[in-house]
Amino acid sequence: MTRHPRLMSPLTLRGETLRNRIVFGAHTNNMAEDGLPGARTLAYLRERALGGAGMVVCEPVPAHRTGVLTRGNYRHEDDSIIPAFRKVTEAVRAEGAVIIQQIYHVGGHGDSDLSFQPHWSPSGRPSYHDADGSHAMSEVEIEELLAAHVAAARRAQQAGFQGVEIWAAYNSLIDQFWLPWSNRREDRWGGSLENRTRFSRELIEGVRRACGEDFILGLAISHDAQYSVSLQAEALCEIVALHDATGHVDYVTCGAGSYLDFARIIPPFTEPDTLTVPVTQLLKGVVQHAKITAEAGIRTPDTGEQVIASGAADLVSIVRGQIADPHLAAKTAAGQADRVRPCLSCNQMCWGRRSRDYWISCVVNPSSGREWEWGGDRFTPAETPLDVLVVGAGPAGLEAARVAAIRGHRVVLAEAQPQIGGQFRLAGQQPRRAQILDLLDWYERELTRLGVDLRLNSFLDVDAIRALGPDRLVLATGSLPDDEGFQRWLPQHDQLPGLHRGAVHSAEAVMRREARLGAEVVLYDEGGHWKGIGTAWHLAEAGHHVTLVTPDAMVARDLARTAADGPARAALARRGVRFLTEHVIAEWLGNGAGARVASLLTGEEQTIPASALVMATTNRAFDPFSEDLADLNPQLIGDAAAPRLAPFAFHDGRKIARTL
């Protein structure tokens, strides 16, 4: 029996029964091929339907040429998408899920590099996607956009979708009409609330007329509490009630953030869970017909059950949680919610890859986006079970051991430390990153369930490995901090000038509490990601006065791809961390004298007093065995092959285990 009875209860929309309240909500997966859904898209969405989701909302299709945002968008105003999407809808519906297509127009925030069009908006206001201005639509153009949305809905219906979701979130076109700040019109499309909602009401009326009474119609909105010009909760409720009164809108899904408050659109772990639940609770009080979906930060079945049980929403959109574990719903239905692989809310491979215009994936589930090739998070049993030895229980070794055991191999996982996780565990000890520790707990449970022989405090040498006599040897021994203090932007120095003076520590040593630090600390961050940023945050919370020096033009540069850079800088600034960008450590002076730093722009130098220097730089692979064990054909994976971020360690582990 499931421990989540409300979450797993059915719900009917326009005659279509959702088997549970879990939605795999709309998001840009960027998997289109020449503007059409192909094998990658089909397998990605089918896997979540196979995994038990009640409703799948497909990646948005632009309604019109003037609203294109990403390279991976599907073709706008083009009937060729109909037969291509029919394959997708048939596959998803065959697995028992209801499938909806989101239709969008981003208004003034389009991408000119992709569309080569002026972007249409109500009043020609500036874009928040880039520095472009937008085109203030004429009434004729407004009517053209209305017709384009209705035509897009008809194509979706012909392709087999059971409904459409109209996008009015994040300060998109419809939201731009609703907001007096962005709608400065003085005609029948602006001014009063009735006029400002005319576009969306006529659009919805047109879709209902064109697609009939049996077609589901959803509305996606968002709440941005950070900016007074955005629709606050009371105004948002008034607008939703107005649309609900038509009886045409079957559900309203409420997200967080906007183009003004971008980080909360896909909230990283710096944000609290259930960002929109206070607003969905209010929305529930004003609707008579529409069901309410809560999204933004809902990752787990437990949270979903709490939201539904509290009456704050009728459905929950769990997107990243089902990217991390596509079988989240099925496991929950089977009473195995503790077996759901937890999402880290890190945004590294979902939003992080999308922001760089790649198809999306997942740190902890490298099969995401590769379902068509790898068969999802499901593995073919090995023809011949083997004795597999995995050395090292960091991310690469954990995933290699888990997948090898699932495939039927007899696995020994040896780890020199008293706990699994390696350096990834240190990351989990940084502020607000406990989701990593939850994931490691999940691995321990799964390894036990699968019968993996986990040997902690087990440092193996060459003789010990040979004595075990494995059929296959996987080396996941990780990496070590660079003990020379090499800086990439001082390539003429193989070693940090002044390293011999002592009191120079790695970020790893700090997080292991091995470093003795005084009050004033300089942290040199060369990666621009959480290794340096999280360590600086940790030090500041511990009471140290931190100066963060980086060769980058901004602090947390690499986190920009995850939309966590702004929240990270704000967290550091609130804790008194001083920033010094586009500088390197010219010399460590030691003995409390601090660091002499040099500007990369002018060469000008200054001295920062400090008692300790922390270096967050590129690690070096740790491979003590492979040459001596060459006859065993060892497989190097993760950092042992090349120091990289965690996603590539998980990827290496799964990839190698699939081939054993």
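Each value, and the rule that gives it
- All residue numbers refer to position in the chain's written sequence, counted from 1.
- Only residues with pLDDT of at least 70 get local features here, since the model is predicted, and only at 80 or more are side-chain atom pairs given and counted; chain-wide, interface and lining totals rely on the full set of residues.
- Water and hydrogen atoms play no part in the side-chain values, which are based on all heavy atoms of the structure.
- Each helix is a run of H or I in the DSSP string that is no shorter than four residues. Each strand is a run of E no shorter than two, and both are numbered from the N terminus.
- Put simply, the radius of gyration uses C-alpha atoms, and a globule should come to 2.2 Å times the residue count raised to 0.38.
- Residue contacts are counted whenever heavy atoms from the two residues lie within 4.5 Å of one another.
- Under the counting rule used here, the positive set is Lys and Arg, the negative set is Asp and Glu, and His together with the chain ends is not counted.
- Charged groups are reduced to one reference atom each: NZ for lysine, CZ for arginine, CG for aspartic acid, CD for glutamic acid.
- Definition of nonpolar core: a set of buried residues of the types Ala, Val, Leu, Ile, Met, Phe, Trp, Tyr and Cys, connected through side-chain atoms within 4.5 Å.
- Three labels apply to residues, based on accessible area from a 1.4 Å probe with only protein chains included: buried if under 20% of the type maximum, exposed if over 50%, partly exposed otherwise in between.
- Here the bounds of each domain stem from an automatic or database domain assignment.
- If DSSP finds at least two bridges between two strands, the strands pair.
- By convention, the term buried area covers the 1.4 Å-probe accessible surface removed from two parts as they join, with the contributions of both added.
- By definition, a salt bridge exists where a carboxyl oxygen of Asp or Glu is found within 4 Å of a side-chain nitrogen of Lys or Arg.
- Only rings of Phe, Tyr and Trp enter the pairing, Trp through its six-membered ring, and a pair is recorded when the two centres are within 6.5 Å. The plane angle decides the type: under 30 degrees is stacked, over 60 is edge-to-face, the rest tilted.
- Geometrically, a charge over a ring is one whose NZ (Lys) or CZ (Arg) sits within 6 Å of the ring centre while staying within 35 degrees of the ring normal.
- Think of it like this: strands point away, you trace from the first strand over the helix to the second, and a clockwise trace means the crossover is right-handed.
- Cysteine sulfur atoms are paired as a disulfide whenever they come within 2.5 Å of each other.
- Here a helix's expected span is defined as the number of its residues, less one, multiplied by 1.5 Å.

Focus on the overall build of the chain
Scanning the chain from terminus to terminus reveals 22 helices and 27 strands. In terms of C-alpha radius of gyration, the chain reaches 27 Å, essentially the compact-globule figure of 26 Å for 660 residues. Of all intrachain contacts in the chain linking residues separated by at least 6 positions in sequence, the fraction that spans at least 24 positions is 71%. Charged side chains in the chain number 67 positive and 80 negative. The centres of these two groups are separated by 3 Å.

Considerations on the nonpolar core
In terms of nonpolar packing, the biggest core is built from 110 residues, with Phe85, Phe199, Leu219 and Ile221 touching the most fellow members. There are two domains that each give this core at least three residues, and those are domain 1 (11-373) and domain 2 (387-480 + 621-659). Apart from residues no more than four positions distant in its own chain, Ile221 is found in contact with Ala168, Ala169, Trp178, Leu236, Val240, Val252, Thr253, Cys254, Gly255 and Leu283. Counting 24 residues, the second largest nonpolar core, distinct from the first, contains Ala507, Val510, Val577 and Val614.

Some details on the sheet that holds strand β15 (residues 453-455)
Read from one edge of the open sheet, 5 strands run β15-β14-β13-β16-β27, paired in parallel fashion. One side of each edge strand has no neighbouring strand; the edge strands of this open sheet are β15 and β27 (635-636). Bridge count between strand β16 (residues 472-475) and β27: 2 bridges; the pairing is parallel. The residue of β27 that forms the bridge with Leu475 is Leu636.

What about the domain arrangement of the chain?
Note: interface size is frequently given as the accessible area lost on complex formation between the parts. According to the domain assignment, the chain contains domain 1 (11-373), domain 2 (387-480 + 621-659) and domain 3 (499-618). One C-alpha centre belongs to domain 2, the other to domain 3; they are set 30 Å apart. The interface of domain 2 with domain 3 comprises 8 residues on the first partner and 13 residues on the second. Carbon and sulfur atoms supply 66% of the area buried between domain 2 and domain 3, which totals about 910 Å² over both sides. Taken as a group, Leu426, Gln430 and Pro431 account for 52% of the area that domain 2 buries against domain 3, more than any other trio of residues on that side. Between domain 2 and domain 3 we count 0 salt bridges in total.

Topic: the packing of aromatic side chains
As enumerated under the stated definition, the model contains 12 aromatic pairs in all. Measuring from centroid to centroid gives 6.0 Å for Tyr128 and Trp181, while their planes differ by 55 degrees, and the two rings are tilted. In this pair, Tyr128 is assigned in the loop between β6 (120-121) and β7 (135-136) and Trp181 in the loop between α5 (173-178) and α6 (193-196), connecting sequence segments 53 residues apart. For Tyr128, a relative accessible area of 40% puts it in the partly exposed group. For the pair Phe424 and Phe650, a centre-to-centre distance of 5.6 Å together with 75 degrees between the ring planes defines the contact as edge-to-face. With Phe424 in helix α16 (residues 423-428) and Phe650 in helix α22 (residues 646-659), this residue pair connects regions lying 226 residues apart in the sequence. We note that Phe424, like Phe650, is buried. Joined through ring pairs, the aromatic side chains of Phe424, Trp442, Tyr443 and Phe650 make up one cluster. For the cation-ring pair, Arg40 lies above Trp359, with the distance from its terminal atom to the ring centre recorded as 4.1 Å. Between the NZ or CZ atom of Arg370 and the centre of the ring of Trp374, over which it lies, the distance is 5.4 Å.

Comments concerning the pattern of salt bridges
Between side chains of opposite charge, a pair can form as their charged atoms come close. Within this structure, the stated rule accounts for 44 salt bridges. In this structure, Arg155 and Asp79 form a salt bridge, with 3.6 Å as the shortest nitrogen-oxygen distance. Highlighted residues: Arg155 in helix α4 (residues 139-158) and Asp79 in the loop between β4 (55-62) and α2 (81-94), separated in sequence by 76 residues. A salt bridge links Glu508 to Lys531; the nearest nitrogen and oxygen atoms lie 3.2 Å apart.

Observations regarding the pairing of strand β10 (residues 251-256)
Of all 6 residues in β10, 6 are buried; the element is thus mostly enclosed. Burial along β10 is two-sided: the residues Tyr251, Thr253 and Gly255 and Val252, Cys254 and Ala256 are all buried. Both strand β9 (residues 216-223) and β10 contribute to a ladder of 6 bridges, which runs parallel. The residue of β10 that forms the bridge with Leu219 is Val252. Here β10 pairs with strand β11 (residues 291-294) via 4 bridges, running parallel. The residue of β11 that forms the bridge with Val252 is Ile292. In terms of handedness, the path from β10 via helix α9 (residues 277-284) over to β11 forms a crossover that is right-handed.

What about the state of the cysteines?
Summed over the entire model, instances satisfying the criterion amount to 0 disulfides. Free of any disulfide, Cys343 has its nearest cysteine sulfur in Cys362, 6.6 Å distant. With a relative accessible area of 8%, Cys343 lands in the buried category. Cys350 takes part in no disulfide bond, and the closest cysteine sulfur to it belongs to Cys346, at a distance of 6.2 Å. A relative accessible area of 14% means that Cys350 is categorised as buried.

Concerning unusual backbone geometry
Residue Asp34 is not a glycine yet carries a positive backbone phi of 55 degrees. You can see Asp34 is positioned in the loop between β3 (22-24) and α1 (39-50). Despite not being glycine, Ala556 has its phi angle at roughly 65 degrees, a positive value. Positionally, Ala556 belongs in the loop between β20 (545-550) and α21 (565-574). Using a relative accessible area of 2% as the deciding quantity, one classes Ala556 as buried.

Structural notes on the environment of His529
Along the chain, the position of His529 falls in the loop between β19 (520-525) and α20 (530-541). Put simply, His529 and Gly469 are 60 residues apart on the chain and 40 Å apart in space, counted from C-alpha to C-alpha. Residues in contact with His529, not counting those within four places in the same chain, are Asp558, Leu559 and Leu645.

Thoughts on α4
In a regular helix each residue adds 1.5 Å, so 20 residues correspond to 28 Å; α4 covers 29 Å between its end C-alpha atoms and thus fits that length. Listing the buried residues of α4 in full gives Glu141, Ile142, Leu145, Leu146, Ala148, His149, Val150, Ala152, Ala153, Arg155 and Ala156. Of the residues trailing α4, Gly160 is marked for its positive phi of about 100 degrees.

Comments concerning the side chain of Thr547
Looking at the element boundaries, Thr547 is found in strand β20. Exposure remark for Thr547: the relative accessible area of 8% places this residue in the buried category. If we ignore the near neighbours within four places in the chain, the residues touching Thr547 are Val521, Val522, Leu523, Arg578 and Ile608.

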